[in-house]
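So you can see what is in the structure, the chains are spelled out below.
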Amino acid sequence: MIRPTPMQKQQSTAVTAITALALLALAACGTETSSTTTTGASGEDASVRESALTGVRWNVESVTVGGRRTAGVAGTSLEFGDTTQATLATGCDEYEVDVSVADDTVTVGKKRMTATADCVLNLDALNEALDAAFAGKLTSKVTGDRLTLTSSDGDVLALTSGPPAPLTGTKWTVNALASDGSAARLPAGTDGSASFTLAADGSVRGNLGCNGFSARAKVSGDTLTFSRVISTKMACTGPRAAVEKHLLKVLRGKVTYEVNHGGLWLTGADGGLAALPATTA
């Protein structure tokens, strides 16, 4: 930093200082110009965008193909190991995918199944939507903990990052029901109808799809043990009644739970369910 010249200094010294300031200003301008030439059209350095994209597990929030939106389910995720490879988890199956990440464009190549697990998730519609959306050339945009991949046709794969939501204190919105070794999305017209929150004191409150309910649950390891469910007495018919009947079978006795990939799975003796935090359901 060049300090102000004391009044008693010679005029020639002041001129020298002013000249130095001018040179510093020119140098600063030159630095700004050089920095600008390394950025893309968005004004953000390409390497910054790529580093924000890679090395992060992105949980699938939703997939929109042909204007139809399908919400993600616990266990669906995408992770870019580097700018040439990605891992796509679709329910129980996992794929290694050839990709090319350059600036804000992700080009998706071949997909190879590398693992499959014996689990209750069998969501064909979601898997088909993921396969269609994560293909070809996509424009990527990272904003905080959110990633969107958009095709030239307007299909959108919306993802979020960050740690899983905590089991307690989170409002979980049910978006898939499992039974007989497979799972399916909630019936049409019932999305968002069933939800519940487990408080730190063990109390559980929510909605079964039609009636509100309360219960208590004891957490031990990876198990929840539910007390008797008490619900309101509104008569339910159709799809909402079916959802309620299923939840009443799951939310009783000992239930195994797993919180991963941004979602929650509950598996009981008579069926299971998948739920997402209300903010992403």
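On a predicted model such as this, the values are computed, not experimentally measured, just so you know.

A.B. asks: Please explain the layout of surface pockets as it appears in this structure.
C.D. replies: Empty space among the atoms becomes apparent when a probe as large as a water molecule is rolled across them. Its boundaries defined by the atoms lining it, the second largest pocket holds a volume of some 330 Å³. Arg 68, Arg 69, Thr 70, Ala 125 and Arg 185 are the residues nearest the centre of the second largest pocket, which is lined by 15 residues in total. Looking at the lining of the second largest pocket element by element, the count peaks at four residues for strand E2 (residues 68-71). Here the lining of the second largest pocket is composed, by residue class, of eight nonpolar, two polar and five charged.

A.B. asks: Can you help me understand the state of the cysteines in this one?
C.D. replies: Such a bond, covalent and formed between the sulfur atoms of two cysteines, is termed a disulfide. Counted under the stated rule, the structure contains one disulfide. What pairs with Cys 210 in a disulfide is Cys 236, and their sulfur atoms sit 2.0 Å apart. The chirality of the disulfide connecting Cys 210 with Cys 236 is left-handed, given an S-S dihedral of about -95°. Here the residue Cys 210 occupies a position in the loop between strand E13 (203-208) and strand E14 (212-220), and Cys 236 occupies one in the loop between strand E16 (230-231) and helix H4 (238-250), the gap between them amounting to 26 residues. For Cys 210, a relative accessible area of 15% gives the class buried.

A.B. asks: Just to check I follow, could you spell out the packing of aromatic side chains for this structure?
C.D. replies: Each aromatic ring pair is summarised here by two numbers: the centre-to-centre distance and the angle between the ring planes. Per the counting criterion, the structure on display carries one aromatic pair. Summarising the aromatic geometry, the rings of Phe 80 and Phe 134 are spaced 6.4 Å apart at their centres and angled 75° between planes, so their arrangement reads as edge-to-face. Of the two residues, Phe 80 sits in strand E3 (residues 77-80) while Phe 134 sits in the loop between helix H3 (124-133) and strand E7 (136-143), which places them 54 residues apart along the sequence. Under the relative-accessibility criterion, Phe 80 is labelled buried at 0%. The exposure class of Phe 134 is buried, given its relative accessible area of 0%.

What counts and how
- Residues numbered from 1 in each chain as written.
- Predicted model: local features only at pLDDT ≥ 70, side-chain atom pairs only at ≥ 80, totals over all residues.
- Heavy atoms only, no water.
- 1 Å grid on protein atoms, 1.4 Å probe; cavity = no way out; pocket = protein on both sides within 12 Å on 5 of 7 lines; lining within 4 Å.
- Points joined across faces, edges and corners; volume = space filled by probe spheres on them.
- Helix = DSSP H or I, 4+ residues; strand = E, 2+ residues; numbered from the N terminus.
- Nonpolar A, V, L, I, M, F, W, Y, C, P; charged D, E, K, R; others polar.
- Disulfide = S-S within 2.5 Å.
- Buried < 20%, exposed > 50% of the residue type's maximum accessible area, 1.4 Å probe, protein only.
- Phe/Tyr/Trp six-rings, centres within 6.5 Å; stacked < 30°, edge-to-face > 60°.

Fair warning: the whole summary comes from geometry, so function is off the table for now.
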